[in-house]
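Fold and contact review
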Amino acid sequence: MSESGPAILVLEDGRVFHGRSFGATGETFGEAVFNTGMTGYQETLTDPSYHRQIVVMTAPHIGNTGVNDDDPESGRVWVAGYVVREPARITSNWRAERTLDEELRRQGVVGVSLTGTRALTRHLRDRGVMRAAISTTETDPLALLERVRQQPAMAGADLAAEVSTREPYEVMPPEGVPARFHVAAVDLGIKAMTPQRLAERGCRVTVLPASATTEDILALDPDGVFFSNGPGDPATADGPVAAMRGVLDAGRPLFGICFGNQILGRALDLGTYKLPFGHRGVNQPVIDTRSGRVAITSQNHGFAVDAPLDTPFDTPYGRAEVSHIGLNDRVVEGLRLLDRPAFSVQFHPEAAAGPHDAAELFDAFVDLMSAQPAPAAK
Ligand SMILES: N[C@@H](CCC(=O)O)C(=O)O
C-alpha cells in the first residue's frame, strides 16, 4: 500500500477523528453506521442497502483477502465512505485480483484509517447513528461540520430508485436444475446472491425495477413474488407498498427480505421507526417464535417494523404474527401472514459471507409456491 496523507472524519454532533487516507482521496458525506462483521467486507461494500452510508468496520484488520470479481453483491461499491482501523498491508488469498485500497481508489470511494474505530463505534452506539463526512482535502473540522449539517438525513430518504435496475432482467437456474417456478423479484436494492439462492432451488427469476406496479408484476403471471432489501427509509416507499398490496390481494405467494419486510409491515398497516444504531453484522441472534429455534443471522438495517410481539394481530389481509424476534433488543425480525401465503424477514437468509442458519427460508418460499394450485401454462 502506498503512503497516505491525513484525513479527518467529522460527525454531525461535532466530534472529530483524525486518521490517514485510505482508498480514494477527496470528500464524502453520509450517515455513519458501524458493522460488526469479521468477514464479508466485499459483500458489505457492494450491498446497495449501504447507499449514502459511511460504514465503520469494528473488526480491526480489513482487506486481508483483497478483492475479487466473483463476490460482489452488485456492479459497484455503494458505501459512501469506508472507515477501518488498520488496512491490510499484504493481500493474501488465491482468489484476490486487487487490493482493497486499489479497489476503493478505482471506484472513487473515500476512506479513512483511524486508530479510534472503537471510540467511534461506542459514540455511535451511545448517541445513535448520525450524519458525517470524511475529507482528505479539508483541514478545518468546523468548515466540514457546517457542510455535514447541510446534508439530508437518512430518515425520510427515498433511495430505492437510485440503486434499482433500470430494465428488467432474468436469472436462470444453473445447468441441470429444471425451472419449476417463475418468481418476480422487485429490486429495491437487491443483492446478487438473492436471485441466485432462488435460482439454485429451481426458480427462474425476473428482476423488476423498484417502480414496478402490481400490474407489471402480475403481467408476468409469476408463481411467487419477492421484495428485496434496499436503502432508505421505508416510510417513503409508497410505490412498493401499493404494489405489494396488489400482490396480496391477488393471493400470490410472497416473500420479502429486509426492506421487503418493512414494506410488508407497511402493507399490513403497521408502522416503521428508526433504530438508534441499527443492526449491521453477521452474528445477530434471532428466535423463531414458533419453533423456539435460534438462528445466527446476517443483518443490515437501520429501521424496523412496529408490531405486537406476543400475539397474532388483525390486518387488512387477515391475521398476522411476528415470526422472528431479535434477541439482542427484541426488535421485530420477521412477519408471517396466517391467512395468506406471505412472509418476510428483516435479516438476510441469502448472506453470501454467511452465516447460513436461515437459508431454509428460501425453501419455505418454494414450498409456498408448490402448495398453490397449478398455474396456467407459462
Ligand atoms: N433501508 C432499510 C432496509 C435495509 C435493507 O433492506 O438492507 C433499513 O435501513 O432498515
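Scoring rules and cut-offs
- Residues numbered from 1 in each chain as written.
- Predicted model: local features only at pLDDT ≥ 70, side-chain atom pairs only at ≥ 80, totals over all residues.
- Heavy atoms only, no water.
- UniProt positions renumbered as here; feature names shortened; annotations may be inferred.
- Near = heavy atom within 4 Å.
- Helix = DSSP H or I, 4+ residues; strand = E, 2+ residues; numbered from the N terminus.
- Nonpolar A, V, L, I, M, F, W, Y, C, P; charged D, E, K, R; others polar.
- Core = buried A, V, L, I, M, F, W, Y, C linked by side-chain atoms within 4.5 Å.
- Buried < 20%, exposed > 50% of the residue type's maximum accessible area, 1.4 Å probe, protein only.
- Contact = heavy atoms within 4.5 Å.
- Pairing = 2+ DSSP bridges.
- Axes fitted to C-alpha atoms, helices over the stretch in contact; angles between N-to-C directions.

An unreviewed UniProt entry lists the protein chain under the name Carbamoyl phosphate synthase small chain, with Nocardiopsis alborubida as the source organism. As its UniProt record puts it under Sequence similarities (unreviewed entry), the protein chain is described as follows: "Belongs to the CarA family." The heading Subunit (unreviewed entry) in the UniProt record of the protein chain holds the text "Composed of two chains; the small (or glutamine) chain promotes the hydrolysis of glutamine to ammonia, which is used by the large (or ammonia) chain to synthesize carbamoyl phosphate. Tetramer of heterodimers (alpha,beta)4."

Surrounding the ligand, one finds 13 residues, the nearest of these being Ser49, Gly230, Gly232, Phe259 and Phe303. For the shell around the ligand, the secondary structure elements donating two or more residues are helix 9 (259-267) and strand 16 (294-306). With four residues, strand 16 is the single largest residue contributor to the shell around the ligand. Residue composition of the shell around the ligand, by class: four nonpolar, nine polar and no charged.

For soluble globular proteins, nonpolar side chains are generally found buried alongside one another. Counting residues in each nonpolar core, the largest one holds 34 residues, and the members touching the most others are Ile217, Phe227, Leu248 and Leu335. Here this core gets five residues from one element, more than from any other, and that element is helix 8 (residues 238-249). Dropping the residues within four chain positions of it, leucine 248 is found in contact with Leu254, Leu264, Ala267, Tyr317, Leu337, Arg340 and Ala342.

The strands making up a sheet associate through backbone hydrogen bonding, with each pair oriented either parallel or antiparallel. The sheet built from seven strands closes into a barrel, its strands ordered 1-2-8-6-4-3-9 with mixed pairing. Taken over all neighbouring pairs, the strand axes of this sheet differ in orientation by 35° on average, direction set aside. Of the strand pairs in this sheet, strand 4 (residues 53-57) and strand 6 (residues 81-84) are connected by three bridges, and their pairing is parallel. Counted as the bridge partner of valine 55 is tyrosine 82 from strand 6. Docked against the sheet, helix 4 (residues 141-148) engages strand 1 (6-11), strand 2 (16-23), strand 3 (27-35) and strand 9 (130-135), running at close to 50° with respect to strand 1.

All right, on to the UniProt feature "binding site: L-glutamine" (unreviewed entry) in the protein chain then. The UniProt feature table records "binding site: L-glutamine" (unreviewed entry) at Ser49, Gly230, Gly232, Phe259, Gln262, Asn300, Gly302 and Phe303. These annotated residues cover 255 residues of sequence, but their C-alpha atoms sit close together, with the largest distance between any two at 13.3 Å. Within the secondary structure, glycine 232 sits in the loop between strand 13 (224-227) and helix 8. In this structure, glycine 302 sits in strand 16. Not counting residues within four places of it along the chain, the set of residues in contact with glycine 302 comprises Tyr273, Lys274, Leu275, Gly278 and Arg280.

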